[in-house]
Amino acid sequence: MLGFFVITVDVSGVNVALPAVGREFGGSLAGLQWVADTYTLMFAALMLSAGALSDAVGARCAYGWGLGVFTVASLACAAAPTLGALTAARVVQGSAAAVMVPASLALIRQAFPDRVARARGIALWTLGGAVAIAAGPVLGGLLTTTWTWRAVFFLNAPAGIAACLTLLRAAPSPRHRAPFDLPGQVTAVLALAGLTFAVIEGGHRGLTGTVLTAVGVAVASGVGFVVVEARRRTPMLPPKLFRQRGVTVPVVAGFAVNAAFYGGVFVLSLFFQQQRGQSAFSAGLMFVPMAAITAVFNYLSPRAVSRYGPRAVIVVGLLTVALGCGALLAVDKGTPAWLTALSMTPLGFGGALAMPAMTSLLLDSVAAARAGTAAALLNTSRQTGGALSIAVFGALIAQDFATGMRQSLLLAACLLVATALGTTALLPRR
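Residues numbered from 1 in each chain as written. Predicted model: local features only at pLDDT ≥ 70, side-chain atom pairs only at ≥ 80, totals over all residues. Heavy atoms only, no water.

Draft legend 1. Main features of the overall build of the chain. Looking only at helices and strands, the chain has 16 helices and 0 strands in total. Overall, the C-alpha framework of the chain stretches about 55 × 45 × 40 Å when taken along its three principal axes. Accessible surface for the chain amounts to roughly 16400 Å². Of this, 69% is attributable to carbon and sulfur atoms. The positive charge centre, built from 28 side chains, and the negative charge centre, built from 11, are 10 Å apart in the chain. (Helix = DSSP H or I, 4+ residues; strand = E, 2+ residues; numbered from the N terminus. Areas by Shrake-Rupley, 256 points an atom, 1.4 Å probe, with all protein chains shown as cover. Lys, Arg positive; Asp, Glu negative; His and termini not counted. Charge placed at Lys NZ, Arg CZ, Asp CG, Glu CD.)

Laid out in structure tokens, this is it:
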């Protein structure tokens, strides 16, 4: 839970600090998008191999190494002398985070063989991430205003050390044969990197030759990834996983929720500071009601799943996040701060309901030996949703902020409603 907290704070907390980063380094909006997206890009692209690594070397070992590298990379971010150095350190951070997430879920699967106890363990794990997503802007704003944006990264050091000490109490993890899939990993990284580059740079520069080349690389690599995974004897992403609806639904729903949430936090953090003229701390305080809602309902989600089944909880969560996006369509510079903050709460409430239900459904649908790989697949989808939404939403607001923000929120709402309808059709009532 501690590990999941720090790697998630580095998404939501850093978003609030981005305007301060831009002022110090003179970075453009595209440069700030890369600071945010290189982290989530590597997080997403390496997660599948990291799941196989967790299965191969043991979850405890993989988690410990990932946590150590992440903590050191955080200190490198805090000491970065240029925007390029910061972006490079974020690449290392995202790579380490990719190792930590599937390993942490595999540790929970190992520690709680009973389904009921495991659901509670997952709820606590997701609580760490949920609080970080919602409270990160508050911490990021407070640290940026009272000290410097660099303090957001320094925060990871004590939390990382505490998590390492706690890990010493965990039992050794079993190892499972999981060969490294180099062709699949390379094509996955190229596909996501090419697509993200094309969206970010295309939104600012138009369809230049470089952007079109990136599109070509993304398409060719995506096709190559599908072909490689279908033909390999031991693929890092076994195609047969998608034959199970208990896997497919959480993967798609996780993409939709994170796209709305990460993209929303990114746009709103810039909106509060650049459009409304608020300080970083004041902007962070706007997320406090959402943080409180998230913390409470994240822990109550497993009880709702036990009573109503995963389908109902996931669908209600998706539609609630969509409702929040719809409510924010009416927000502008003149909207009272209290009303804006209230309009954001459905994002926290809906996400807090849906994410534990998705994770439990996924882990209940696969064998223990595939827990790391399945967890990696879910979180790859989630981080990909976050990375692409930041790229797309950033491109939209680059043209006209107010119009672009509304287009972004409407796009997210439509995606969530479509996913809710698909979930209703694919999952049984209980």
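Draft legend 2. Seen up close, the side chain of Ser-381. Residue position: Ser-381 is located in helix H15 (residues 371-399). A polar side-chain atom of Ser-381 sits 2.5 Å from the main-chain carbonyl oxygen of Val-251. Contacts of Ser-381, omitting those with residues within four sequence positions, involve Val-251, Val-252 and Phe-255. (Polar contact = N/O pair within 3.5 Å; in protein donor to acceptor, adjacent residues only side chain to side chain. Contact = heavy atoms within 4.5 Å.)

Draft legend 3. Looking closely at a nonpolar patch on the surface. The grouping of Leu-182, Val-186, Leu-190 and Val-217 at the surface amounts to a nonpolar patch, some 310 Å² of accessible area in total. A per-element tally of the nonpolar patch places helix H8 (residues 182-205) first, with 3 residues. Relative to the helices and strands, Leu-190 resides in helix H8. (Patch = residues over 30% accessible without salt bridge, like charges linked within 9 Å, V, L, I, M, F, W, Y side chains within 5 Å. Salt bridge = Lys/Arg side-chain N within 4 Å of Asp/Glu carboxyl O.)

Draft legend 4. Molecular detail of empty space enclosed by the protein. Counted according to the given criterion, the structure contains 2 cavities of 30 Å³ or more. Of the volumes computed, that of the second largest cavity is approximately 30 Å³. Taken together, the elements giving at least two residues each to the lining of the second largest cavity come down to helix H1 (2-25) and helix H10 (245-275). Examining the composition of the lining of the second largest cavity, we find that 4 residues originate from one element, H1, more than from any other. Residue composition of the lining of the second largest cavity, grouped by class: 5 nonpolar, 3 polar and no charged. (1 Å grid on protein atoms, 1.4 Å probe; cavity = no way out; pocket = protein on both sides within 12 Å on 5 of 7 lines; lining within 4 Å. Points joined across faces, edges and corners; volume = space filled by probe spheres on them. Nonpolar A, V, L, I, M, F, W, Y, C, P; charged D, E, K, R; others polar.)

Draft legend 5. Examining the nonpolar core more closely. Counting 110 residues, the largest nonpolar core has Ile-7, Phe-43, Phe-70, Leu-86, Phe-272, Ile-314 and Leu-416 as the members making the most contacts within it. With 16 residues, H10 is the single largest residue contributor to this core. Excluding its chain neighbours within four sequence positions, the residues that come into contact with Leu-416 are Ala-256, Val-257, Ala-260, Leu-318, Val-321, Ala-322 and Cys-325. (Core = buried A, V, L, I, M, F, W, Y, C linked by side-chain atoms within 4.5 Å. Buried < 20%, exposed > 50% of the residue type's maximum accessible area, 1.4 Å probe, protein only.)

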